[in-house]
Amino acid sequence: MTACAAVAGSLVTGWYTRVSGGRQADAVLETVRMTLQDQRAVRLLDLRRGVYAEFLAAAEVLALTRRTRVGDPADLPALRRAFAAVLLEGPADTASAARGLVDLLGTGRGSMDEIELRREAFITTAQQALRSGAPS
């Protein structure tokens, strides 16, 4: 009788230990999954931030060329390459704001005030995109 009770007790204890261990393993896996998702989101935001910064730098070079009338023929292709990266990274409203700036700088039309307004519009939409994509 005592042996049967000991065996039954061992079985019940073993079953509860197994269930508890499974729950703990599931919790650890969920934590790891969430950590990896957050790290991926941070890497993507860093990439997007870099693309936006490169675009702004290329736009600044062409704006300076407009002001000083001294520039490099490679400046416009550099802006177009940076713009292509913004198109890929998105989102659509940020790409649209970038397009407005590229159109003014690429055609040589528009006043410096218009260029500054388009630049500010791009910065605003880029900041919104970076904030909305931030991991929680």
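This text follows the structure it describes.
A short tour of the structure in this document, coming up. Quick caveat: nothing in here was measured; it's all calculated off a predicted structure.

The grouping of Val 28, Val 32 and Leu 36 at the surface amounts to a nonpolar patch, some 270 Å² of accessible area in total. With respect to the element layout, Val 28 can be found in helix α1 (residues 2-68).

Let's shift gears to the pattern of salt bridges. Scanning the model with the defined rule gives six salt bridges in all. For Glu 30, the salt bridge identified is with Arg 33, shortest N-O distance 2.3 Å. Here Arg 33 and Glu 30 lie together in helix α1, a separation of three residues that amounts to about one turn. According to the relative accessible area criterion, Glu 30 is partly exposed, its value standing at 33%. A relative accessible area of 38% places Arg 33 in the partly exposed class. Note that Asp 46 is salt-bridged to Arg 49, the shortest N-O span being 2.9 Å. Placement of the pair is Asp 46 and Arg 49 together in helix α1, with a separation of three residues, close to one helical turn. A cluster of three or more residues bridged by salt bridges with shared partners is formed by Glu 60, Glu 116, Arg 119 and Glu 120.

The rules behind each value
- Residues numbered from 1 in each chain as written.
- Predicted model: local features only at pLDDT ≥ 70, side-chain atom pairs only at ≥ 80, totals over all residues.
- Heavy atoms only, no water.
- Patch = residues over 30% accessible without salt bridge, like charges linked within 9 Å, V, L, I, M, F, W, Y side chains within 5 Å.
- Areas by Shrake-Rupley, 256 points an atom, 1.4 Å probe, with all protein chains shown as cover.
- Salt bridge = Lys/Arg side-chain N within 4 Å of Asp/Glu carboxyl O.
- Helix = DSSP H or I, 4+ residues; strand = E, 2+ residues; numbered from the N terminus.
- Buried < 20%, exposed > 50% of the residue type's maximum accessible area, 1.4 Å probe, protein only.

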